[in-house]
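Understanding the architecture of this molecule
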Amino acid sequence: MRVKAVIAYDGTHFKGFQKQISTKNTITTTIETTLKSLGIIGEIRGSGRTDAGVHATGQVIDFELPPFWRDLKKLKIELNRKVKYISFKHITQVDDTFHARFSAKRRLYRYILKTSTPSIFEQNYISYYPNFDDKLLEEALRLFEGTHDFSNFIKTGSTTHTNIRTIYRARYKKYQKNHIIYFEANGFLRSQVRMMTEMAMRVALKKTTLKELEEQLDLKKRYVTKLAPPQGLYLARVIY
């Protein structure tokens, strides 16, 4: 039986989602080790990878269950009992053709920031930027919408089949003392969301112009390669 699991995790405690040779402290290795303790041997597949320090409220994984595991409710209870800083929200049976990454139609990321210094209880979950022009931020975000070659918004050293992605929605809203940026797309390149966020915030802070953002998006020149801090970023939802 192949199953799909929707999980949340606190990225503060991990070196990222993907397996790494240099450390076992990744979300994938932690989950696979926990599954192995329950007699479930094999690799998991994720909808996408997240950087160290980045969180998720709606990451999706899939994996194969052996014949003796059929009680999905019990499996969820056992996994949540054994694993730390990761929560299994839902586990459901899926078709054998399902693939957490390749079956996904859209992904939604949320970035949360404050213009006042986050408290000690917030600092791992909310980023800080100084006061900014929210109208400029909205204009900057709208420029990302549509289908573009995001070669200037990918972490150096990454290799992909294509750097073309479609951003369906890039929006900003204020909620109480928090400022929230949303990106919804058919997919994202490595660290793309953090680089787009940093570029948009630099425009909002009047450190970069809208024209320079357009030029970077049009591959004419690369002005910003810095990444927004990971603490405020959440993989919020994956749509199939």
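Structure report, in brief. (Residues numbered from 1 in each chain as written. Predicted model: local features only at pLDDT ≥ 70, side-chain atom pairs only at ≥ 80, totals over all residues. Heavy atoms only, no water.)

Considering the packing of aromatic side chains
Tallied over the full model, the rule gives seven aromatic pairs. Ring geometry for Phe150 versus Phe153: centroids 6.2 Å apart, planes at 75°, classification edge-to-face. Among the residues examined, Phe150 registers a relative accessible area of 0% and is labelled buried. A residue is classified by how much of its surface remains accessible, and Phe153, at 0% relative accessible area, is buried. Aromatic rings pair up to connect Phe144, Phe150, Phe153 and Phe183 into one cluster. A cation over an aromatic ring shows up here: Arg169 above the ring of Tyr182, its NZ or CZ 5.7 Å from the ring centre. (Phe/Tyr/Trp six-rings, centres within 6.5 Å; stacked < 30°, edge-to-face > 60°. Buried < 20%, exposed > 50% of the residue type's maximum accessible area, 1.4 Å probe, protein only. Lys NZ or Arg CZ within 6 Å of the ring centre and 35° of its normal.)

Notes on the layout of surface pockets
Here the largest pocket is characterised by a volume of approximately 1,000 Å³. Lining the largest pocket are 38 residues, with Ser47, Gly48, Arg49, Arg101 and Phe188 sitting closest to its centre. Residue assignment for the lining of the largest pocket shows that the elements contributing at least two residues are helix H1 (27-37), strand E2 (45-46), strand E5 (106-114), helix H4 (192-204) and strand E10 (233-239). When residues of the lining of the largest pocket are assigned to their parent elements, the largest contribution, three residues, is made by H4. A class-by-class count of the residues in the lining of the largest pocket yields eleven nonpolar, 16 polar and eleven charged. As a volume, the second largest pocket reaches approximately 200 Å³. (1 Å grid on protein atoms, 1.4 Å probe; cavity = no way out; pocket = protein on both sides within 12 Å on 5 of 7 lines; lining within 4 Å. Points joined across faces, edges and corners; volume = space filled by probe spheres on them. Helix = DSSP H or I, 4+ residues; strand = E, 2+ residues; numbered from the N terminus. Nonpolar A, V, L, I, M, F, W, Y, C, P; charged D, E, K, R; others polar.)

Examining unusual backbone geometry
The phi dihedral of Tyr85 falls on the positive side, at around 65°, and the residue is not glycine. Here Tyr85 lies in the loop between helix H2 (72-82) and strand E4 (86-94). Of note in the backbone geometry, Leu219 takes a positive phi value of approximately 65° without being a glycine. Summarising the element assignment, Leu219 is placed in the loop between helix H5 (210-217) and E10.

What about H4?
Between its first and last C-alpha, H4 extends 18 Å over 13 residues, near the 18 Å set by a 1.5 Å rise per residue. The element H4 is largely enclosed, with a buried count of twelve among its 13 residues. Along its buried surface, H4 packs onto E5, helix H3 (134-144), strand E8 (164-175), strand E9 (178-185), H5 and E10. Downstream of H4 by one or two residues, Lys206 has phi in the positive range, about 65°. (Expected span 1.5 Å × (residues − 1). Contact = heavy atoms within 4.5 Å.)

Some points on the pairing of E10
Along E10, five of the seven residues are buried, which leaves the element largely enclosed by surrounding structure. The sheet contact formed by strand E3 (residues 55-64) and E10 spans two bridges and is parallel. From the neighbouring strand, His55 faces E10, where its bridge partner is Tyr234. One ladder, built from six bridges, connects E5 with E10; its direction is antiparallel. Paired with Leu108 across the strands is Arg237, a residue of E10. (Pairing = 2+ DSSP bridges.)

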